[in-house]
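Letter by letter, the chains look like this.
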Amino acid sequence: MANAEVLIIGCGIAGATAALRLARNPDRQITIITRASDAHESNTRYAQGGIIGRGPSDTAELLFEDIVAAGAGVTSPKAARILADEGPQLLNEVLERIASSDRQGVLAEPEHFVEAQRRAA
Ligand SMILES: Cc1cc2nc3c(=O)[nH]c(=O)nc-3n(C[C@H](O)[C@H](O)[C@H](O)COP(=O)(O)OP(=O)(O)OC[C@H]3O[C@@H](n4cnc5c(N)ncnc54)[C@H](O)[C@@H]3O)c2cc1C
């Protein structure tokens, strides 16, 4: 590990995504570590699979308020603002890619977290 070219701390979706991206260069030496005794143990393991977008009568401001409420006091307002402003467009791009590869992205009922709007895909 002392000689690792890249050291990634954490085996959740963020660490795994970084590792996969960096592994596009097969010569790169990547080490990934976690504090958990089971490498699968992380928040990512428990994620329900919903991706927050923006519903038909939704606004960035309502989405921002829901994200902050769902965070129960620990949400970074700056991060929530970026997610509320930029996330829906990025999700649309993902859904368009899925649709063009023969699968459908649909908006689920607003039961995810404390959502006031239909917006989870
Ligand atoms: C019950 C539940 C349901 C959820 N449902 C959804 C959902 O439907 N949609 C959605 O988008 N999100 C959902 N989430 C949130 C989502 O799981 C997280 O936002 C996401 O998994 C975070 O990924 P991450 O890689 O940043 O962190 P994590 O998955 O938490 O991974 C962090 C990693 O870092 C390691 N680590 C932490 N501290 C240290 C340290 N000091 N030294 C070494 N390693 C360390 C951990 O062991 C772990 O491997 C849900 C979360 C929970 C708990």
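Cut-offs used in this document
Residues numbered from 1 in each chain as written. Predicted model: local features only at pLDDT ≥ 70, side-chain atom pairs only at ≥ 80, totals over all residues. Helix = DSSP H or I, 4+ residues; strand = E, 2+ residues; numbered from the N terminus. Buried ≥ 20, exposed ≤ 12 C-beta atoms within 10 Å, placed from the backbone. Contact = placed C-beta atoms within 7 Å. Arc of directions from axis to C-beta. pLDDT = per-residue confidence, 0-100. Near = placed C-beta within 6 Å. Nonpolar A, V, L, I, M, F, W, Y, C, P; charged D, E, K, R; others polar. Axes fitted to C-alpha atoms, helices over the stretch in contact; angles between N-to-C directions. Parallel < 35°, antiparallel > 145°, perpendicular 65-115°, else oblique. Left-handed = near helix turned anticlockwise from the far one by under 90°. Pairing = 2+ DSSP bridges. Right-handed = clockwise from strand over helix to strand, strands pointing away.

### Some words on the overall build of the chain
Helix and strand counts for the chain stand at four helices and two strands. Its helices and strands taken in sequence order, the chain reads β-α-β-α-α-α from the N to the C terminus. Residue burial in the chain is summarised as follows: out of 121 residues, 12% are buried. In the chain, 54% of the contacts between residues at least 6 apart in sequence involve partners at least 24 apart.

### Comments concerning helix H3 (residues 60-70)
Those residues of H3 that fall on the buried side of the exposure criterion are Leu-63, Asp-66 and Ile-67. Across the axial projection of H3, the buried residues extend over an arc of 100°, all falling on one side. Taken together, the buried residues of H3 touch helix H4 (77-100). Looking one or two residues past H3, Ala-72 carries a phi angle of roughly 50°, positive in sign.

### Comments concerning the environment of Thr-34
Residue position: Thr-34 is located in the loop between strand E2 (30-33) and helix H2 (43-46). In this structure, the C-alpha to C-alpha distance between Thr-34 and Gly-12, residues 22 residues apart in sequence, is 8.9 Å. Once residues within four sequence positions are removed from consideration, Thr-34 is found in contact with Gly-10, Cys-11 and Ala-39.

### Digging into the confidence of the model for the chain
Here the chain shows a mean pLDDT of 85. Residues at 70 or above account for 81%. Within the chain, no element has a lower average pLDDT than H4, which sits at 88, and none a higher one than strand E1 (residues 6-9), at 96.

### So, the site of the ligand
Taken together, 20 residues surround the ligand, and among them Gly-10, Gly-12, Ala-14, Ser-42 and Asn-43 come closest. At the level of secondary structure, the elements contributing two or more residues to the shell around the ligand comprise helix H1 (13-22) and H2. When its residues are assigned to classes, the shell around the ligand shows nine nonpolar, ten polar and one charged.

### With respect to the packing of H3 against H4
One way to put it is that H3 packs onto H4 with a least axis distance of 9 Å and a crossing angle of 140°. Between H3 and H4, the angle falls in the class oblique. Between H3 and H4 lies a crossing of right-handed hand. In this structure, H3 contributes Ala-60, Leu-63, Phe-64, Ile-67 and Val-68 to the contact, and H4 contributes Pro-77, Ala-80, Arg-81, Leu-83, Ala-84 and Asp-85. Among the residues making up the contact of H3 with H4, the classes are represented as nine nonpolar, no polar and two charged.

### Things to note about the pairing of E1
In terms of strand pairing, E1 meets E2 through four bridges, oriented parallel. Paired with Ile-9 across the bridge in E2 is Ile-33. In the classification by handedness, the crossover that spans E1, the intervening H1 and the parallel E2 is right-handed.

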